[in-house]
Amino acid sequence: MKPEHSEVLVIGGGPAGATTARELARSGLDVTLLEGSSHPRFHIGESFLPRGLTDLKELGLADRLATLPQVRKLGAEFLMGHGKEPPSYAWFSSSLVPGEQAAFHLERAPFDKMLLDAAREAGVKVLENTRVLKILRLEEGLVALTAERNGTARELTAHTLVDASGQATVLGKHLGIRKVLPDLKKVAYYGHFRGVYRGPGDLAGVITVVLCKEGWFWIIPLDEERTSLGLVLNEASARQTGVAAKNLLKWAIERCPVMAERCRNAEFPETNVVSADFSYGCRPFAGPGYFMVGDAATFVDPVFSTGVCLSLATGRQAAAAIYKILRQGHEAAPLQEAYRHYVEDTTAIFFRLVRQFYEPAFRDLFLTEKGPFSVHKAVISVLCGHVFPRPPFSVRWRLHLFTLFLKLQKRFALVPRREEFSLIETRADVS
Ligand SMILES: Cc1cc2nc3c(=O)[nH]c(=O)nc-3n(C[C@H](O)[C@H](O)[C@H](O)COP(=O)(O)OP(=O)(O)OC[C@H]3O[C@@H](n4cnc5c(N)ncnc54)[C@H](O)[C@@H]3O)c2cc1C
């Protein structure tokens, strides 16, 4: 049978794939998107950055977004797990960079479906329940793959391939370039709860991050009733607990005073979901015949809720480059190189901050909610996401200064060191 041909094939119908495909179709390209599952489907990643809202508005999706159940997010709350100190807050309104100062939390299943429906309406041929099995050919101007639907395999070809397969990294695995970042080897345990404590007013909408020596919990309000709750642990500590992965979240909540208090009246799920080894990069992010977008390219630790925002941004950027190649006769190689730089520059600032976040000195300094020359506001500007591909000078120099303060904090304790809370060293009967 003759392979089906499109100008662009997109693997994956999450936010990155749907956005790339929609942008391409809106500019007149013939796009086929292959999605292994069918929407709506569960996905983790429910807290957004103000920058994500900017992107959705620019994509013309604000009205559709408004129809989805969501909770307004004005910032983040940070607490040490022992609960001996009052919470600290990072409000988006303190950002040094102009732009949206609010974001939202929502359940991903309807959000992702909304994006995929919008792509379909823009003219993308969306094939759900269609899993890509193998890349057969990958070169500039000609790509071929096999995909399976209902037990039947079919061959598809295109000029350009976009890998938006998320953590499956179909192309990264095909090329053998998926590299897990050894210093960010983490495991996440999560689920949806009911009846978790919410603060009054604006506090009801913040993302809460509860810090322990071995990692951190998130509390994300999804709607009136439901709350997404999760724990990220470093891999070695996860093994050390000796607790079955599917029960680990409940075990950890019960050991952590702040979490136990917030979940006092909560309905827990039977077991938790588990994701491991989720920080990696698949370099080069673009090359002959392909572009990788969203998680398929690289994944930054989720502590700052960057994932979907980066998926929208990389999707838009890749679509613009592909349009230039296919419709404006631009040479592919320089655009692929520019795209690689874009992804590198855009994610570098987050990787740097994530690595700093895991140092106790970061908690000592950032949780004070102040700092000379407003350095903490530079960090909040990054947390808003209005910083890529390159943050403004006012943010850059402050971030350098913040890094210097972190070094000094480690050596000289510029501010009092915070008492740590350990999930593993804490006996359940002690709290
Ligand atoms: C623990 C954790 C917490 C997170 N928290 C947040 C958060 O608070 N905020 C945030 O913004 N982000 C968060 N993220 C990140 C977020 O989930 C991702 O960044 C985001 O979903 C990436 O979108 P994507 O479109 O690249 O990939 P995905 O949304 O994963 O979509 C990929 C799609 O590809 C499909 N697919 C996979 N393989 C194939 C195949 N072979 N053939 C066809 N289709 C295929 C899948 O079915 C899927 O629908 C979190 C991630 C983790 C692990």
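Residues numbered from 1 in each chain as written. Predicted model: local features only at pLDDT ≥ 70, side-chain atom pairs only at ≥ 80, totals over all residues. Heavy atoms only, no water.

Check the secondary structure of the chain and you find 13 helices and 20 strands. By the compact-globule yardstick of 22 Å for 431 residues, the chain fits well, its C-alpha radius of gyration being 22 Å. A principal-axis box enclosing the C-alpha atoms of the chain has dimensions of 70 × 50 × 40 Å. In the chain, which comprises 431 residues, the share counted as buried stands at 56%. Taking contacts inside the chain between residues at least 6 apart in sequence as the whole, the part at least 24 apart equals 74%. When the accessible surface of the chain is totalled, it reaches about 17800 Å², and 52% of it is carbon and sulfur. (Helix = DSSP H or I, 4+ residues; strand = E, 2+ residues; numbered from the N terminus. Rg over C-alpha atoms; globule rule 2.2 N^0.38 Å. Buried < 20%, exposed > 50% of the residue type's maximum accessible area, 1.4 Å probe, protein only. Contact = heavy atoms within 4.5 Å. Areas by Shrake-Rupley, 256 points an atom, 1.4 Å probe, with all protein chains shown as cover.)

A word on the packing of aromatic side chains. For any two aromatic rings, the description comes down to two numbers: the centre-to-centre distance and the angle of the planes. Here the structure, examined in full by the defined rule, presents 17 aromatic pairs. Aromatic side chains Tyr89 and Trp91 sit 5.5 Å apart centroid to centroid with 15° between the ring planes, which places their arrangement in the stacked category. Measuring from ring centre to ring centre gives 6.0 Å for Trp216 and Trp218, while their planes differ by 50°; the resulting arrangement is tilted. Grouping aromatic residues by their ring pairs yields a cluster made of Phe42, Phe78, Tyr190, Trp216, Trp218, Phe304, Phe357, Tyr358, Phe362, Phe366 and Phe402. Taking the ring centre of Tyr280 as reference, the NZ or CZ of Arg178 above it sits at 3.9 Å. One residue, Lys186, lies across the ring of Tyr358, its end atom 3.6 Å from the ring centre. (Phe/Tyr/Trp six-rings, centres within 6.5 Å; stacked < 30°, edge-to-face > 60°. Lys NZ or Arg CZ within 6 Å of the ring centre and 35° of its normal.)

What follows concerns the domain arrangement of the chain. Along its sequence, the chain is organised into domain 1 (4-67 + 107-180 + 279-347) and domain 2 (71-105 + 186-276 + 367-425). Computed over C-alpha atoms, the centres of domain 1 and domain 2 are 29 Å apart. Roughly 2300 Å² of surface becomes buried between domain 1 and domain 2 when both sides are summed, with 66% attributable to carbon and sulfur atoms. Looking only at domain 1, the three residues that lose the most surface to domain 2 are Glu46, Pro50 and Arg51, adding up to 26% of its buried area. Summed over the shared surface of domain 1 and domain 2, the result is 2 salt bridges. The partner of Glu107 in a salt bridge is Arg226, and the shortest N-O contact between them spans 2.9 Å. (Domains from an automatic or database assignment. Buried area = accessible area lost by both parts, 1.4 Å probe. Salt bridge = Lys/Arg side-chain N within 4 Å of Asp/Glu carboxyl O.)

Our focus in this paragraph is the site of the ligand. As a matter of local geometry, the ligand sits amid 36 residues, with Glu35, His43, Ile44, Ser47 and Asp295 nearest to it. Contacts to the ligand include Ser47, whose backbone N or O atom sits 2.7 Å from a nitrogen atom. The contact in question runs from a nitrogen atom of the ligand to an N or O atom on the backbone of Val132, over 2.9 Å. When its residues are assigned to classes, the shell around the ligand shows 14 nonpolar, 16 polar and 6 charged. (Near = heavy atom within 4 Å. Polar contact = N/O pair within 3.5 Å; in protein donor to acceptor, adjacent residues only side chain to side chain. Nonpolar A, V, L, I, M, F, W, Y, C, P; charged D, E, K, R; others polar.)

Looking at the second largest pocket, its volume works out to about 190 Å³. Every residue lining the second largest pocket is listed: Asp345, Ala348, Ile349, Arg352, Pro389, Arg390, Pro391, Arg396, Leu399 and His400. Residue assignment for the lining of the second largest pocket shows that the elements contributing at least two residues are helix H10 (332-357) and helix H13 (393-412). Among the elements that take part in the lining of the second largest pocket, H10 stands out by supplying 4 residues, more than any other. Tallied by class, residues from the lining of the second largest pocket come to 5 nonpolar, 1 polar and 4 charged. (1 Å grid on protein atoms, 1.4 Å probe; cavity = no way out; pocket = protein on both sides within 12 Å on 5 of 7 lines; lining within 4 Å. Points joined across faces, edges and corners; volume = space filled by probe spheres on them.)

Attention shifts here to the side chain of His39. As for its placement among the helices and strands, His39 is situated in the loop between strand S2 (31-34) and helix H2 (50-58). For His39, a relative accessible area of 9% corresponds to the buried category. Polar side-chain contacts of His39 include one of 3.0 Å to the backbone oxygen of Gly13. Residues contacting His39, with those up to four places away along its chain left out, are Gly13, Asp112, Lys113, Leu116 and Glu128.

Another point: the sheet that holds strand S12 (residues 186-194). Spatial ordering of the open sheet is given by S5-S4-S13-S14-S15-S12-S16, a layout of 7 strands whose pairing is mixed. With one partner strand each, in any of the chains shown, strand S5 (88-91) and strand S16 (273-276) form the two edges of the open sheet. Direction aside, neighbouring strands of the sheet carry axes that sit 20° apart on average. Bridge count between strand S4 (residues 75-80) and S5: 4 bridges; the pairing is antiparallel. Pairing of Gly75 across the sheet is with Trp91, part of S5. Here helix H7 (residues 248-255) sits on the sheet and contacts S12, strand S14 (215-221) and strand S15 (226-234); the angle it forms with S15, its principal contact strand, is near 90°. (Pairing = 2+ DSSP bridges. Axes fitted to C-alpha atoms, helices over the stretch in contact; angles between N-to-C directions.)

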